[in-house]
Amino acid sequence: MKQAAWLLLALVPAATAAADAGLGSPAVFAPASTPAYVIRDLALLVIAVCAVILFSVGGLLAWSVIRFRARPGDAAREPAQIYGSGPIELAWTLVPAIIVVILFLATARSIFDLQKEQAPAGWLQVDVVGHQWWWEFRYPGAGVTTANELHLPVSTATQSQPVFLRLESADVIHSFWVPRLAGKQDAIPGKRNGLWVEALEAGTYVGQCAEFCGTQHAGMRLRVIVHPPGEFERWLDSQRGPAVTDPAVADGRALFERTACINCHRVAGTVANGTVGPDLTHLMSRSTLASGVARNDGETLRRWLRDPNHLKPGVLMPAMQLGERDLDRVVAYLMTLQ
Ligand SMILES: [Cu+2]
C-alpha cells in the first residue's frame, strides 16, 4: 500500500511539469470542427465506459482485499470453494457482450459520419498532396496553389461551409493530422483518400505529418488558418493573380529565372514552372518557411537559400551556391512575392 501511495505521489510532479510546459489538455479534447467533435465524443464515451469498469473491478478487488484480509486468530483453512454458478456466469458473459455492442454501435456510427470518399455537392474541395517534407494545397475550382498553410472558411450557425480534403502523395505515405479539426488520414501515392472538416471557430490550428516519411518527418508541419466569414474569399482572390514584379527587383527576377530554381518552383506569370517544390507565387503571404520549421522573413530566406540543409537537415532542396550579392538579389525578388 505504502509503495503504491509513493508511486502516485511521484506522478504528480510529472503531470504538473507537463502542464507547465504549456502542453495543456491534449488537442483532441479541444475540438474546433464537427469531425473533431465526433471523435472527441466517442473518446469520452469509451473513456467513461472503461472508467466505470476500472473503478468497479478495482473497487471490488480493493474491498475484498481489505474485507477478507488475514487476521490474527483466523483458522488456517481455506474458505468454502464455489464450483459453477449459472447467474454469475450469465452476468459475466452478458454484461461484457452488451458493453461491446454499445461501443461497436457508437464507433460504427462515428465512422459512418466521418468517412467520405468524395466531396458532396456544394462543398469546397481542396487537394492536399504530401511531399517529402512539405504539404501542397490546391484549390482546383479557383486555380490557386499554395503550401504548408491551408486556408479555410469558418462555418457559422447561418452558413455551413464544410470542406472536403482530397489527400494524395507525391512520394511515400504521409498522414495529414490537425488534431483540433479532424482525425488522421493517410496520404498514399497512387490512391485518393478523403477527409473533411467543418471548422467552427476562426483561428490558426497546427498539424503534423503523422506517418513516418523519412529524415524530416518531424519537420513536416502544417498550419490551418480558418478565416472569419467573408475573409476566406478575399484570401482566395489575393492568391489567384500572378505575382506582380516590382521593377526595382527586375535583376533579382532575371537571376531567379536563370537559375535552376525554376525547374523545381513555380511563380505564376514567369518561366518558373516546376512542381518539385512549393509554389512561390505568393511566398510572402505565408508566415512560415519550409513546412513550419522557421519564420518567413528576409533574413531566414537568405539563410535558407544559402544552405537549406542547415535549417532543415536532409531537405530535398539543394544549396544553390549563389554568391552573396546574388543571394541579396534573389531574396529581394522573393520578398516582393506577396
Ligand atoms: Cu510525412
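Residues numbered from 1 in each chain as written. Predicted model: local features only at pLDDT ≥ 70, side-chain atom pairs only at ≥ 80, totals over all residues.

Let's talk about the sheet that holds strand E2 (residues 134-139)
And then number 1: Taken in spatial order, the 5 strands of this open sheet run E3-E2-E1-E5-E8, and their pairing is mixed. For this open sheet the edge positions go to strand E3 (144-147) and strand E8 (193-197), each flanked by a neighbour on one side alone. The mean inter-strand angle of the sheet, taken between neighbouring strand axes irrespective of direction, is 25°.
And then number 2: Where E2 and E3 come together, 4 bridges link them in antiparallel fashion. Residue pairing in the sheet places Phe 137 in a bridge with Thr 146 of E3. (Pairing = 2+ DSSP bridges. Helix = DSSP H or I, 4+ residues; strand = E, 2+ residues; numbered from the N terminus. Axes fitted to C-alpha atoms, helices over the stretch in contact; angles between N-to-C directions.)

Regarding the domain arrangement of the protein
And then number 1: Considered domain by domain, the protein is made up of domain 1 (124-240) and domain 2 (247-334).
And then number 2: Each of domain 1 and domain 2 has a C-alpha centre, and the two are 23 Å apart.
And then number 3: The partner domain 2 presents 16 residues to the 19 residues of domain 1 that form the contact.
And then number 4: When contributions to the side of domain 1 that touches domain 2 are tallied by element, the ones reaching two or more residues are E2, E3, strand E10 (221-227) and helix H4 (231-240).
And then number 5: Residues belonging to the side of domain 1 that touches domain 2 are distributed by class as follows: 6 nonpolar, 9 polar and 4 charged. (Domains from an automatic or database assignment. Contact = placed C-beta atoms within 7 Å. Nonpolar A, V, L, I, M, F, W, Y, C, P; charged D, E, K, R; others polar.)

Overview of unusual backbone geometry
And then number 1: Of note, the amide linkage connecting Gln 132 to Trp 133 takes the cis form, showing an omega dihedral of -5°.
And then number 2: Secondary-structure assignment places Trp 133 in the loop between strand E1 (124-131) and E2.
And then number 3: Positioned with a positive phi, Asn 148 is a non-glycine residue whose angle comes to about 65°.
And then number 4: Considering the arrangement of structural elements, one finds Asn 148 in the loop between E3 and strand E4 (149-153).
And then number 5: Of the residues examined, Asn 148 has 23 C-beta atoms within 10 Å and is grouped as buried. (Buried ≥ 20, exposed ≤ 12 C-beta atoms within 10 Å, placed from the backbone.)

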